[in-house]
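Chain by chain, the residues run as shown.
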Amino acid sequence: MSKSKPTLPRGTRDFGPVVSAKRSYIIDKIKHNFIKYGFSQLETPAIENLSTLTGKYGDEGDQLLYKILNSGDYLSKTSEEDFALGSKHLTTKIAEKGLRYDLTVPFARFVVMNQHEISFPFKRFQIQPVWRADRPQKGRYREFYQCDADIVGSKAIWNEVELTLLFNDVFNDLGLEDYVIKVNHREILFLLADYVGLKGREVPFCAEIDKLDKIGSDKVIENVLALGGDAEKVSEAMNLISTTDLDKLIESVQKIDESNAGVQDVIKYFESLDQFSDKNIKLELDLSLARGLSYYTGMIYEVKPTSVQMGSICGGGRYDNLTGVFGLEGISGIGISFGLDRIYDVMEELNLFPDNITQPLDVLIVHFSEANLKHGHRIVMQLREAGVRADLYPSSDKIKKQFNYADKIQTPFTLIIGDDEMNAEEYTLKNMQSGEQKPMKVDEIIQLFKG
């Protein structure tokens, strides 16, 4: 068998001990806040039926789905006609399953399948990987983790407020201050689509608005006109979208339709948040925020870092009709997603990780002989049972080699066992940075690390 050089698929990564420790730090902070806000944990399979996934993310999203070829001779059930009808049709014949694209659609499926076992409103969180056949670049991967929190079975505006506060608490715990939470409402965007003459084409209109950051306003205007928009009104709408003054935005939209549900929701939302002014929430209404996913129907969110060149690190929104495509009508939901990988990149660039989180050990036990090593078996377990992160060098190599290993793994302390230490049951604790050494009993060592 020929040898091949090991490689990784583009857009995927290995995570060594240091990176894994930092990622776990982020996950622990997010999970702590999910639980604090009353969310229950849920997991769903990595593989879903394509019938579950397709049609939920728009045409562009469907193209980014990873399809899994049917097992066995998957071409045996196809014909020349299937090939002639094109790749989209052929896919239905050779692939019935795919990797999940996000956590929201599988959650909607779960709710429908378990509607009689769960109580509404139902609050769940989920921390799992997702896959997208995207073009890899900085902050964009083909395999990445999402950390989701969703509430289904309630239309109360408090849900939108609560999730905003959740964003704020998570980033406070992570020490990340340079960000802004952008919000908008799909009903306002649908109103603007109607205003420019694109009633019935609201989703394509939103998809174009969502590209403003990527292709600029001139190209977006060109694309909206190509959809059939009225030139004069498209220009007016784009001027409105670029306005940043909250009161002026609301006043302008109300002139188009004062009773618009989106306007009313936004007003209630900001009024509800006024009582939390002490939290200094970094928030702005941004009418250019569209969120490309086609299932959003109400309030939408996006969190962007302000001091690092990076796309959104969180997103989400309200979806009133998602469970309806699986046969359960009338269940409104809202959810947000923390992008673990992008948050990691931002924190790394801003040097926000605590120094001690990548330190796997408190102390490494080193020794001079087989008898010392055997004595160390009991000592290391005493330390571990007391909650001290301890390890024992596993073989009786030369002491210099053991200390070199301690330096390489950057353990802050070593515990030295020799014959004298065994007899006295006092062991030499060495500070690996200062070189200071001190004889101590096991109970004293435990007290030092846990006291």
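We now turn to the structure provided with this report.

Basis of the calculations
- Residues numbered from 1 in each chain as written.
- Predicted model: local features only at pLDDT ≥ 70, side-chain atom pairs only at ≥ 80, totals over all residues.
- Heavy atoms only, no water.
- Pairing = 2+ DSSP bridges.
- Helix = DSSP H or I, 4+ residues; strand = E, 2+ residues; numbered from the N terminus.
- Contact = heavy atoms within 4.5 Å.
- Axes fitted to C-alpha atoms, helices over the stretch in contact; angles between N-to-C directions.
- Parallel < 35°, antiparallel > 145°, perpendicular 65-115°, else oblique.
- Left-handed = near helix turned anticlockwise from the far one by under 90°.
- Nonpolar A, V, L, I, M, F, W, Y, C, P; charged D, E, K, R; others polar.
- Core = buried A, V, L, I, M, F, W, Y, C linked by side-chain atoms within 4.5 Å.
- Buried < 20%, exposed > 50% of the residue type's maximum accessible area, 1.4 Å probe, protein only.
- Expected span 1.5 Å × (residues − 1).
- Phe/Tyr/Trp six-rings, centres within 6.5 Å; stacked < 30°, edge-to-face > 60°.
- Lys NZ or Arg CZ within 6 Å of the ring centre and 35° of its normal.
- Bend = angle between axes of the 7 residues up to and from the residue.
- Right-handed = clockwise from strand over helix to strand, strands pointing away.
- 1 Å grid on protein atoms, 1.4 Å probe; cavity = no way out; pocket = protein on both sides within 12 Å on 5 of 7 lines; lining within 4 Å.
- Points joined across faces, edges and corners; volume = space filled by probe spheres on them.

A short note on the sheet that holds strand S11 (residues 333–339)
Link 1 in the chain: The strand order across the open sheet built from eight strands is S1-S5-S6-S11-S10-S9-S7-S8, with neighbouring strands paired in mixed fashion. Edge positions in the open sheet fall to strand S1 (40–41) and strand S8 (283–285), since each of these has one partner strand only.
Link 2 in the chain: Packed on one face of the sheet, helix H8 (residues 186–195) meets strand S7 (179–185) and strand S9 (299–305) and runs near 55 degrees to S7.

Things to note about the packing of helix H13 (residues 246–256) against helix H14 (residues 261–273)
Link 1 in the chain: Contact geometry of H13 with H14 gives a least axis separation of 10 Å together with a crossing angle of 155 degrees. When the interaxial angle is binned, H13 and H14 end up roughly antiparallel. As H13 packs across H14, the resulting crossing turns out to be left-handed. In this structure, H13 uses Leu 246, Ile 250, Val 253 and Gln 254 to contact H14, whose residues at the interface are Val 263, Val 266, Ile 267 and Phe 270.
Link 2 in the chain: In terms of residue class, the contact of H13 with H14 is built from seven nonpolar, one polar and no charged.

A short note on the nonpolar core
Link 1 in the chain: Counting 99 residues, the largest nonpolar core has Phe 34, Phe 171, Tyr 301 and Phe 338 as its most contacted members.
Link 2 in the chain: Counting residues per element, this core draws most heavily on helix H7 (residues 157–174), which supplies nine residues.
Link 3 in the chain: If we skip the residues at most four places from it in the chain, Phe 34 touches Phe 39, Phe 125, Ile 127, Cys 147, Asp 148, Ala 149, Leu 166 and Phe 338.

Some words on helix H1 (residues 17–36)
Link 1 in the chain: Here H1 spans 28 Å end to end across 20 residues, near enough to the 28 Å set by a 1.5 Å rise per residue.
Link 2 in the chain: Among all positions of H1, only Lys 22, Arg 23, Tyr 25, Ile 26, Ile 27, Ile 30, Asn 33 and Phe 34 are buried.
Link 3 in the chain: Phi for Gly 38, located one or two positions after H1, is positive at around 90 degrees.

Digging into the packing of aromatic side chains
Link 1 in the chain: On inspection of all chains with the given rule, the structure shows 15 aromatic pairs.
Link 2 in the chain: An aromatic cluster is defined as three or more aromatic residues linked by ring pairs; in this entry it consists of Phe 34, Phe 39, Phe 125, Phe 167, Phe 171, Tyr 179, Tyr 301 and Phe 338.
Link 3 in the chain: If you follow Lys 430 out to its NZ or CZ, it ends over the ring of Phe 403, 4.7 Å from the centre.

Focus on the environment of Gly 315
Link 1 in the chain: Take Gly 315: it is sitting in strand S10 (residues 314–319).
Link 2 in the chain: Classification of Gly 315 by relative accessible area gives buried; the value is 6%.
Link 3 in the chain: Distance in space between the C-alpha atoms of Gly 315 and Tyr 301 is 5.1 Å, their sequence separation being 14 residues.
Link 4 in the chain: In this structure Gly 315 touches Phe 167, Arg 291, Tyr 301, Glu 302, Gly 335, Ile 336 and Ser 337, once residues within four positions along its chain are discounted.

Considerations on helix H16 (residues 370–385)
Link 1 in the chain: Between its first and last C-alpha atoms H16 spans 23 Å; for 16 residues at 1.5 Å apiece the expected length is 22 Å, and the two agree.
Link 2 in the chain: Where H16 bends most, at Gly 376, the angle is about 30 degrees.
Link 3 in the chain: Three or more residues of H16 are buried, namely Asn 372, Leu 373, His 375, Gly 376, Ile 379, Val 380 and Leu 383.
Link 4 in the chain: Summarising the contacts, the buried residues of H16 are in contact with strand S12 (363–367), strand S13 (390–392), strand S14 (413–417), helix H18 (419–424), strand S15 (427–431) and helix H19 (442–450).
Link 5 in the chain: Remark: Gly 387 follows H16 within two positions and exhibits a positive phi of approximately 95 degrees.

Comments concerning the pairing of S12
Link 1 in the chain: The buried count for S12 comes to five of five residues, which makes it a mostly enclosed element.
Link 2 in the chain: The two faces of S12 match: Val 363, Ile 365 and His 367 on one face and Leu 364 and Val 366 on the other face are all buried.
Link 3 in the chain: Sheet topology note: the S12/S13 ladder contains three bridges and is parallel. Residue pairing for S13: Ile 365 is matched across the bridge by Leu 392.
Link 4 in the chain: Assessed by its sense of winding, the connection that carries the chain from S12 through H16 to S13 is right-handed.
Link 5 in the chain: Where S12 and S14 come together, five bridges link them in parallel fashion. Paired with His 367 across the two strands is Ile 417, which belongs to S14.

What to know about empty space enclosed by the protein
Link 1 in the chain: Per the counting criterion, the structure on display carries one cavity of 30 Å³ or more.
Link 2 in the chain: Lining the largest cavity, in full, are Val 196, Phe 205, Ile 209, Val 224, Val 234, Ala 237, Met 238 and Ile 241.
Link 3 in the chain: Residue assignment for the lining of the largest cavity shows that the elements contributing at least two residues are helix H9 (202–209) and helix H12 (231–241).
Link 4 in the chain: When residues in the lining of the largest cavity are grouped by element, the largest group, four residues, is from H12.
Link 5 in the chain: Partitioned by chemical class, the residues of the lining of the largest cavity number eight nonpolar, no polar and no charged.

Concerning the pairing of strand S5 (residues 122–131)
Link 1 in the chain: Within S5, 10 of the 10 residues are buried, which leaves it mostly tucked inside the rest of the structure.
Link 2 in the chain: One ladder, built from 10 bridges, connects S5 with strand S6 (residues 143–152); its direction is antiparallel. In the strand pairing of S6, Phe 122 is matched with Val 152.

Observations regarding the sheet that holds S12
Link 1 in the chain: One open sheet holds the five strands; their spatial order is S13-S12-S14-S15-S16, and the pairing between them is mixed. Every other strand in the sheet has two partners, leaving S13 and strand S16 (437–440) as the edge strands with one partner each. Averaged over all adjacent pairs, the angle separating strand axes in this sheet is 25 degrees, with direction ignored.
Link 2 in the chain: Strands S12, S13, S14 and S15 of the sheet are contacted by H16, whose axis makes an angle of about 165 degrees with S13.
Link 3 in the chain: Lying on the sheet, helix H17 (residues 399–408) is in contact with S12, S14 and S15; it crosses S12 at an angle near 170 degrees.

Quick word on unusual backbone geometry
Most peptide bonds adopt trans geometry, and most residues besides glycine take a negative phi value.
Link 1 in the chain: Residue Phe 120 is joined to Pro 121 through a cis peptide bond whose omega torsion reads 0 degrees.
Link 2 in the chain: Take Pro 121: it is sitting in the loop between helix H6 (104–113) and S5.
Link 3 in the chain: In this structure, Asn 351 takes a positive phi of about 55 degrees despite not being glycine.
Link 4 in the chain: Within the fold, Asn 351 resides in the loop between helix H15 (340–349) and S12.
Link 5 in the chain: Asn 351 gets classed as exposed once you look at its relative accessible area, which sits at 65%.

In short, geometric facts, not functional conclusions.
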